[in-house]
Amino acid sequence: MVSPTARCSSERTHYPVRLTCAVLGVSAAGYYAWRERPVSARATSNSALLAAVRQVHQDSGGRYGSPRVHAALRVQGRGASRGGSVRSFV
């Protein structure tokens, strides 16, 4: 799911930012504040986890589901919850 602020950013080459923000119900000031904000630690962690999940899934030939991906990540020493994070990425 793409956040409204990210959608404003992706549409700004086609439409004015103020118009896109108004349609999506986001203030223009909120959009500009979001754009200047650094990437959060959680987003960085999720990106790294997603890359690891994709690698394990690819290495298995696409056969591993979330239980096996979770087990493989634990063997690698990566802490991740199977019910939340790993399942949402597989």
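Report follows, based on the coordinates.

Cut-offs applied
- Residues numbered from 1 in each chain as written.
- Predicted model: local features only at pLDDT ≥ 70, side-chain atom pairs only at ≥ 80, totals over all residues.
- Heavy atoms only, no water.
- Helix = DSSP H or I, 4+ residues; strand = E, 2+ residues; numbered from the N terminus.
- Buried < 20%, exposed > 50% of the residue type's maximum accessible area, 1.4 Å probe, protein only.
- Contact = heavy atoms within 4.5 Å.
- Areas by Shrake-Rupley, 256 points an atom, 1.4 Å probe, with all protein chains shown as cover.
- Core = buried A, V, L, I, M, F, W, Y, C linked by side-chain atoms within 4.5 Å.
- Phe/Tyr/Trp six-rings, centres within 6.5 Å; stacked < 30°, edge-to-face > 60°.
- Arc of directions from axis to C-beta.
- Patch = residues over 30% accessible without salt bridge, like charges linked within 9 Å, V, L, I, M, F, W, Y side chains within 5 Å.
- Salt bridge = Lys/Arg side-chain N within 4 Å of Asp/Glu carboxyl O.

**Some words on the overall build of the protein chain**
- Of the regular secondary structure elements, the protein chain holds six helices and zero strands.
- Secondary structure elements of the protein chain occur, N-terminal to C-terminal, as α-α-α-α-α-α.
- The burial tally for the protein chain puts 23% of its 90 residues in the buried class.
- Of the contacts made within the protein chain by residues no fewer than 6 positions apart, 31% connect residues no fewer than 24 positions apart.
- Only carbon and sulfur atoms are counted for the fraction: they give 53% of the accessible area of the protein chain, which is about 6,400 Å².

**Section: the nonpolar core**
- Residues L49, A52, V53, V56, V69, L73 and A80 constitute the largest nonpolar core, which totals seven residues.
- Residue assignment for this core shows that the elements contributing at least two residues are α4 (41–59) and α5 (66–75).
- In terms of residue count, α4 provides more of this core than any other element does, four residues in total.
- Counting five residues, the second-largest nonpolar core is a separate cluster that includes C8, V17, C21 and Y31.

**A closer look at the packing of aromatic side chains**
- What the rule picks out here adds up to two aromatic pairs.
- Cluster of aromatic residues (ring-pair linked, three or more members): Y31, Y32 and W34.

**Here we look at the environment of S10**
- Along the chain, S10 falls in helix α1 (residues 4–11).
- Judged by its relative accessible area of 44%, S10 falls in the partly exposed class.

**Regarding α1**
- Residues of α1 that are buried include every one of T5, C8 and E11, and no others. Down the axis of α1, the buried side of the element spans an arc of 130°, and every buried residue falls inside it.
- Buried-residue contacts for α1 involve α2 (17–24) and α3 (28–36).

**Notes on a nonpolar patch on the surface**
- Residues Y15, L19, V23 and L24 make up a contiguous nonpolar surface patch of roughly 400 Å² in combined accessible area.
- For V23, the location among the structural elements is in helix α2.
- V23 sits in the exposed class, given a relative accessible area of 64%.

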